[in-house]
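Chain by chain, the residues:
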Amino acid sequence: MFDRILVPTDGSGPANAALEYAGEIAAVEQVTVHILYVVDPDETDETDDPLAVSRDWAGETGSPIIEEIETGEPRDAILEAAVEHDVDAIVMGTRGRRGVGRLLLGSVTESVVRDADVPVLVVRGAPEVRRPYPIETIVVPTDGSAHAEVALERALTVAAHHDATVHLLSIVDVTPAGIEDQNDLRLDRLERYARRVVEEGVERAANLGVETEVTVTYGSTHQKIRTYTDAVDADLLVMGTHGRSGLDRLLLGSVTERVLRTATTPVLTVRAAREE
């Protein structure tokens with residue numbers, strides 16, 4: 001799935017959840033793991049050996065481990081380290097303690113998800129979060145946008161590697177369109193478009209030999225993503241970080257952010273290449 005991953009940590013519970021998940025990936029895939037601890041110059045850090053816990057974990061994976069301590073603004077240090085080490089993904093918790101640990105959605109994690117040039121695998125440090133690995137079931141919400149298409153491409157690659165099933169989920173959220181009447185012709189148009197999008201996804205998956213399940217449903221987008229992911233006991237949720245208006249509006253700051261805050265499974269966020 002990946003060859004090199006970056007794991008920012010501060011020793012807090014949520015950061016350790018991401019670290020443990022990265023450890024499970026490393027143990028199976030034998031990837032190189034870069035563990036990063038950032039000392040925020042504006043805060044006091046009294047930890048004598050901030051990487052001690054990480055070092056204990058690292059000794060159990062059998063994978064190449066590279067430790068690094070940097071001083072600076074957490075977001076910038078994480079993004080710079082990702083480029084410097086040419087990592088394939090960043091694995092982060094959604095909450096932390098201090099320094100890089102201020103991985104609070106809405107600040108560091110959100111900024112990294114928005115700006116990283118590589119996928120970001122976000123793991124909530126909550127008891128209800130499932131982190132099985134290897135992966136058997138993947139959910140991909142899609143709206144046909146460029147960012148959703150990139151997320152689907154990544155999901156299919158992961159699925160082919162794990163021989164996993166991909167659930168293609170398209171949600172018709174009628175609220176933004178102001179549709180209240182079930183007989184509204186716009187509703188039929190939105191549903192037909194949603195079905196066309198997932199059918200195209202099924203065709204792409206079939207070309208790679210990936211098994212798929214398809215669901216088109218109605219309701220609040222972020223709520224439907226959460227309930228559907230739980231219903232199928234998904235091992236991974238893959239989402240684009242932006243989308244267009246209409247069906248899903250997978251816009252960071254709205255749907256994706258809400259999903260990241262409540263997801264009970266790791267979420268792999270992917271965005272399309274920047275336009276020049």
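The structure presented is a predicted model; accordingly, all values stated were derived computationally and were not measured.

Observations concerning the overall build of the protein
Helix and strand counts for the protein come out as 8 helices and 10 strands. Relative to its full complement of 276 residues, the protein shows a buried share of 53%. Accessible surface, the protein as shown: approximately 12,200 Å² in total, 45% of it carbon and sulfur.

Digging into the nonpolar core
The biggest cluster of nonpolar side chains holds 45 residues, and the ones touching the most others in it are Ile5, Ile135, Ile138 and Val238. Here the element with the most residues in this core is helix H1 (residues 13-29); it accounts for 7 residues. Among residues more than four places away in sequence, those in contact with Ile138 are Ala155, Val158, Ala159, Ala164, Thr165, Val166, His167, Leu236 and Val238. Core analysis: the second largest hydrophobic core is formed by 30 residues, Ile78, Tyr228, Val259 and Leu260 among them.

Some points on the packing of aromatic side chains
For the coordinates displayed, the defined rule picks out 1 aromatic pair. Ring geometry for Tyr21 and Tyr133: centres 6.2 Å apart, planes at 85 degrees, overall edge-to-face. Separated by 112 residues along the polypeptide, Tyr21 in helix H1 and Tyr133 in the loop between strand E5 (120-123) and strand E6 (137-141) bring together distant segments of the chain. The same class applies to Tyr21 and to Tyr133, which are both buried.

A closer look at the environment of Gly72
Relative to the helices and strands, Gly72 resides in the loop between strand E3 (65-71) and helix H3 (74-84). Overall, the relative accessible area of 15% leaves Gly72 in the buried class. Along the primary structure Gly72 and Val39 are separated by 33 residues, whereas in three dimensions their C-alpha atoms are 6.3 Å apart. With residues up to four places along the chain from it excluded, the contact list for Gly72 reads Val38, Val39, Asp40 and Pro41.

As for the side chain of Asp143
Along the polypeptide, Asp143 turns up in the loop between E6 and helix H5 (146-162). Side-chain polar atoms of Asp143 contact the side chain of Ser145, separated by 2.7 Å.

Points about the pattern of salt bridges
Overall, the coordinates contain 12 salt bridges when judged by the stated rule. As a salt-bridge pair, Asp86 and Arg4 come within 3.4 Å of each other at their nearest N and O atoms. Placement of the pair is Asp86 in the loop between H3 and strand E4 (89-93) and Arg4 in strand E1 (residues 4-8), with a sequence separation of 82 residues. The closest approach of N and O atoms between Glu20 and Arg131, which form a salt bridge, is 3.0 Å. Taken together, the residues span a long stretch of sequence, with Glu20 in helix H1 and Arg131 in the loop between E5 and E6 at a distance of 111 residues.

Topic: the sheet that holds strand E9 (residues 236-240)
As summarised here, the arrangement of the 10 strands in space is E3-E2-E1-E4-E5-E10-E9-E6-E7-E8, forming an open sheet in which the pairing is mixed. Both edges of this open sheet fall to E3 and strand E8 (212-218), since each of them pairs with a single strand only. Averaged over all neighbouring strand pairs, the angle between strand axes comes to 25 degrees, with direction disregarded.

With respect to the environment of Ala116
Relative to the assigned elements, Ala116 resides in the loop between helix H4 (108-115) and E5. On the basis of relative accessible area, Ala116 is assigned to the buried category, the value being 4%. Taking the C-alpha atoms as reference points, Ala116 and Val270, 154 residues apart in sequence, are found 9.1 Å from one another. In this view, Ala116 contacts Leu79, Ile90 and Arg271; residues no more than four positions away in its chain are not counted.

Describing H1
With 17 residues, H1 ought to run about 24 Å at 1.5 Å a step, and its terminal C-alpha atoms sit 24 Å apart, in line with that. Of the positions making up H1, those classed as buried are Pro14, Ala15, Asn16, Ala17, Ala18, Leu19, Tyr21, Ala22, Gly23, Ile25 and Ala26. Once H1 ends, the next one or two residues include Gln30, with phi positive near 55 degrees.

Some remarks on the confidence of the model for the protein
Averaged over every residue, the pLDDT of the protein is 83; the share at 70 or more is 80%. Averaged pLDDT values over the elements of the protein bottom out at 63 in helix H2 (residues 52-58) and peak at 97 in E6. Per-residue pLDDT stays below 50 along residues 243-253; that stretch engages in 48 contacts with residues further than four places along the chain or on separate chains.

A word on unusual backbone geometry
Between Tyr133 and the following residue, Pro134, the backbone shows a cis peptide bond with an omega angle of 5 degrees. Relative to the helices and strands, Pro134 resides in the loop between E5 and E6. Residues other than glycine seldom take positive phi values, yet Gln30 does so here, at roughly 55 degrees. Secondary-structure assignment places Gln30 in the loop between H1 and strand E2 (32-39). With a phi angle near 55 degrees, Asp86 is a residue other than glycine that sits in the positive phi range.

About the thresholds
- Residues numbered from 1 in each chain as written.
- Predicted model: local features only at pLDDT ≥ 70, side-chain atom pairs only at ≥ 80, totals over all residues.
- Heavy atoms only, no water.
- Helix = DSSP H or I, 4+ residues; strand = E, 2+ residues; numbered from the N terminus.
- Buried < 20%, exposed > 50% of the residue type's maximum accessible area, 1.4 Å probe, protein only.
- Areas by Shrake-Rupley, 256 points an atom, 1.4 Å probe, with all protein chains shown as cover.
- Core = buried A, V, L, I, M, F, W, Y, C linked by side-chain atoms within 4.5 Å.
- Contact = heavy atoms within 4.5 Å.
- Phe/Tyr/Trp six-rings, centres within 6.5 Å; stacked < 30°, edge-to-face > 60°.
- Polar contact = N/O pair within 3.5 Å; in protein donor to acceptor, adjacent residues only side chain to side chain.
- Salt bridge = Lys/Arg side-chain N within 4 Å of Asp/Glu carboxyl O.
- Pairing = 2+ DSSP bridges.
- Axes fitted to C-alpha atoms, helices over the stretch in contact; angles between N-to-C directions.
- Expected span 1.5 Å × (residues − 1).
- pLDDT = per-residue confidence, 0-100.

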